[in-house]
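# Examination of the molecular architecture
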Amino acid sequence: KTEKTIMGGTPRFPTPKNLWSPAGGFWPEPKNWAANTMVAGAAIATICYGVFNLSIEKEERPQSPAHSIPSQRWYKPGKFGAAKEI
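Calculation criteria
- Residues numbered from 1 in each chain as written.
- Predicted model: local features only at pLDDT ≥ 70, side-chain atom pairs only at ≥ 80, totals over all residues.
- Heavy atoms only, no water.
- Helix = DSSP H or I, 4+ residues; strand = E, 2+ residues; numbered from the N terminus.
- Buried < 20%, exposed > 50% of the residue type's maximum accessible area, 1.4 Å probe, protein only.
- Contact = heavy atoms within 4.5 Å.
- Areas by Shrake-Rupley, 256 points an atom, 1.4 Å probe, with all protein chains shown as cover.
- Polar contact = N/O pair within 3.5 Å; in protein donor to acceptor, adjacent residues only side chain to side chain.
- pLDDT = per-residue confidence, 0-100.
- Patch = residues over 30% accessible without salt bridge, like charges linked within 9 Å, V, L, I, M, F, W, Y side chains within 5 Å.
- Salt bridge = Lys/Arg side-chain N within 4 Å of Asp/Glu carboxyl O.

## Topic: the overall build of the protein
- From N to C terminus, the protein includes three helices and zero strands.
- Going residue by residue from the N terminus, the α and β elements of the protein occur as α-α-α.
- By residue count, 6% of the 86 residues in the protein fall in the buried class.
- Taking contacts inside the protein between residues at least 6 apart in sequence as the whole, the part at least 24 apart equals 8%.
- Total accessible area on the protein stands at roughly 7800 Å², and carbon and sulfur atoms take up 64% of it.

Here is the structure:
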């Protein structure tokens, strides 16, 4: 027996050739799934990088933090002016 059969899967059986499904049909295994995944991952990473940089540019602190926070590593107070004490 094959591993799929042991794990509960069934062997492939004939299916209609004119079948279309948004999920990919009976056995969705596109030829270039790895390349598609890499392209999607690169697009997501690029968008996240842009949003992160925009967030850094827009960040301002009207008051100095009372304790250490992670964004202090990349916050440049000289860029926005010194944080004002209230």
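## Structural notes on the side chain of serine 71
- Looking at where serine 71 falls in the secondary structure, it is placed in the loop between α2 (33-58) and α3 (77-80).
- A distance of 3.1 Å separates a polar atom in the side chain of serine 71 from a polar atom in the side chain of glutamate 59.
- Among all residues touching serine 71, those that are not within four sequence positions of it are Glu59 and Arg61.

## Side note on the confidence of the model for the protein
- Mean pLDDT over the protein works out to 76, with 77% of the residues at or above the 70 mark.
- Confidence, read as mean pLDDT per element, is least for α3 in the protein (52) and greatest for α2 (93).

## Describing the environment of glutamate 59
- Along the polypeptide, glutamate 59 turns up in the loop between α2 and α3.
- Spatially, the C-alpha atom of glutamate 59 lies 9.2 Å from that of lysine 76, the residues being 17 residues apart in sequence.

## Quick word on a nonpolar patch on the surface
- On the surface, Phe13, Leu19 and Phe26 cluster together into a nonpolar patch covering about 290 Å² of accessible area.
- Assignment of secondary structure puts phenylalanine 26 in the loop between α1 (3-6) and α2.
- Residue classification places phenylalanine 26 among the partly exposed positions, given a relative accessible area of 44%.

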